[in-house]
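Chain by chain, the residues run as shown.
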Amino acid sequence: MSSADPGPRAETVIEKLDQALRIIAGASLALVFLVIILQVAMRYLLQSVPFFMEEAARYLCAWGIFAGIASAIFHGTHIRVAVLQDRLRKAGRPIGLLLEFTCLCLYALVAVSGFQLALFLHAEKSIAMGIPLSVPVAAIPVFFTAAAILSIARIRNWTRS
């Protein structure tokens, strides 16, 4: 194994990152389901619902969706407009690498912008839960950074094959 080749260790890290993203996405969406079921039950049984539950469900949903997006990006199953890719398929591998690199740049840009937004919103508190708004917004830089890392792994796989 050459010094430039990180070997199977990097593959294991990538697999663990993808697995963690899937667990976060699944757990977040399961918690959203439970919170909503609890809201409905409390509304009918007690005629009262704690006002923070709606906000908690929205924040959990955002975290779950962004985690799922990062994993889908790695597996190439995310929703995308493939018109350009389909039209340029004859050009083959160089176009595929260019598109992957373009996506990597986009993910990095969104991650940096999300981090700046989270810093900007940190002093603001959410209305119902009273937590800094940087907490729900942090899903953007966290999961787009993960998407960028996984995109690098995809590019690495392109160059190996």
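A quick note: this is a predicted structure, and the numbers were derived from the prediction, not measured.

(A) Focus on the confidence of the model for the chain. Predicted confidence across the chain gives a mean pLDDT of 87, with 85% of residues reaching 70 or more. Per-element averaging of pLDDT across the chain places helix α3 (residues 83-87) at the bottom with 65 and helix α5 (residues 134-137) at the top with 95.

(B) Expanded view of the side chain of E55. Of note, E55 is situated in helix α2 (residues 52-75). Not counting the four nearest positions on each side in its chain, E55 is found in contact with S126, I127, A128 and M129.

(C) Region of interest: the packing of aromatic side chains. Using the criterion set out here, one finds three aromatic pairs in the structure. Residues W63 and F143 carry aromatic rings whose centres are separated by 5.2 Å and whose planes lie at 85° to one another, so their mutual orientation is edge-to-face. Remark: F143 occurs in helix α6 (residues 139-160) and W63 occurs in helix α2; sequence separation between them is 80 residues. On the basis of relative accessibility, which here comes to 24%, the residue W63 falls in the partly exposed class. Residue classification places F143 among the buried residues on the basis of a relative accessible area of 3%. Note on F66 and F144: the rings are 5.9 Å apart at their centroids and 65° apart in plane angle, and the pair reads as edge-to-face. Of this pair, F66 sits in helix α2 while F144 sits in helix α6; the two residues are 78 residues apart in sequence, bridging distant segments of the chain. Among the aromatic side chains, those forming a connected cluster through ring pairs are F66, Y107 and F144.

(D) Here's a closer look at the nonpolar core. Grouped together as the largest cluster of nonpolar side chains are 19 residues, with contacts concentrated most on L21, A70, Y107 and F143. Mapped onto this core, the elements with two or more residues apiece are α1 (8-45), α2, α4 (93-121) and α6. The element best represented in this core is α6, accounting for nine residues.

(E) Spotlight on unusual backbone geometry. Located in the positive-phi region is Q47, a residue other than glycine, with phi close to 55°. Inspection of the secondary structure puts Q47 in the loop between α1 and α2. We classify Q47 as exposed; its relative accessible area is 64%.

(F) Structural context of α2. Spanning 24 residues, α2 covers 35 Å between terminal C-alpha atoms, matching the ideal 34 Å at 1.5 Å per step. Those residues of α2 lying buried are M53, E55, A56, A57, Y59, G64, A67, A70, S71, A72, I73 and F74. A positive phi of about 70° marks G76, the residue just after α2.

(G) Expanded view of the pattern of salt bridges. Taken as a whole and assessed by the stated rule, the structure comprises three salt bridges. Between R156 and E11 there is a salt bridge; the shortest N-O distance is 3.6 Å. Here R156, found in helix α6, pairs with E11, found in helix α1; they are 145 residues apart in sequence, far enough to count as distant. Residue R22 pairs with D18 through a salt bridge whose shortest N-O separation is 3.3 Å. In this pair, R22 and D18 both sit in helix α1, four residues apart, roughly one turn of the helix.

(H) How the structure looks around the packing of α2 against α6. The geometry of α2 relative to α6 is characterised by a closest axis approach of 8 Å and an angle of 10° between their N-to-C directions. The orientation of α2 relative to α6 falls into the category roughly parallel. Residues W63, F66, A67, A70, I73, F74 and H75 of α2 lie in contact with α6, whose contacting residues are A139, I140, V142, F143, F144, A146, A147, L150, A153 and R154. Per-class residue counts for the contact of α2 with α6 are 15 nonpolar, one polar and one charged.

Analysis parameters
- Residues numbered from 1 in each chain as written.
- Predicted model: local features only at pLDDT ≥ 70, side-chain atom pairs only at ≥ 80, totals over all residues.
- Heavy atoms only, no water.
- pLDDT = per-residue confidence, 0-100.
- Helix = DSSP H or I, 4+ residues; strand = E, 2+ residues; numbered from the N terminus.
- Contact = heavy atoms within 4.5 Å.
- Phe/Tyr/Trp six-rings, centres within 6.5 Å; stacked < 30°, edge-to-face > 60°.
- Buried < 20%, exposed > 50% of the residue type's maximum accessible area, 1.4 Å probe, protein only.
- Core = buried A, V, L, I, M, F, W, Y, C linked by side-chain atoms within 4.5 Å.
- Expected span 1.5 Å × (residues − 1).
- Salt bridge = Lys/Arg side-chain N within 4 Å of Asp/Glu carboxyl O.
- Axes fitted to C-alpha atoms, helices over the stretch in contact; angles between N-to-C directions.
- Parallel < 35°, antiparallel > 145°, perpendicular 65-115°, else oblique.
- Nonpolar A, V, L, I, M, F, W, Y, C, P; charged D, E, K, R; others polar.

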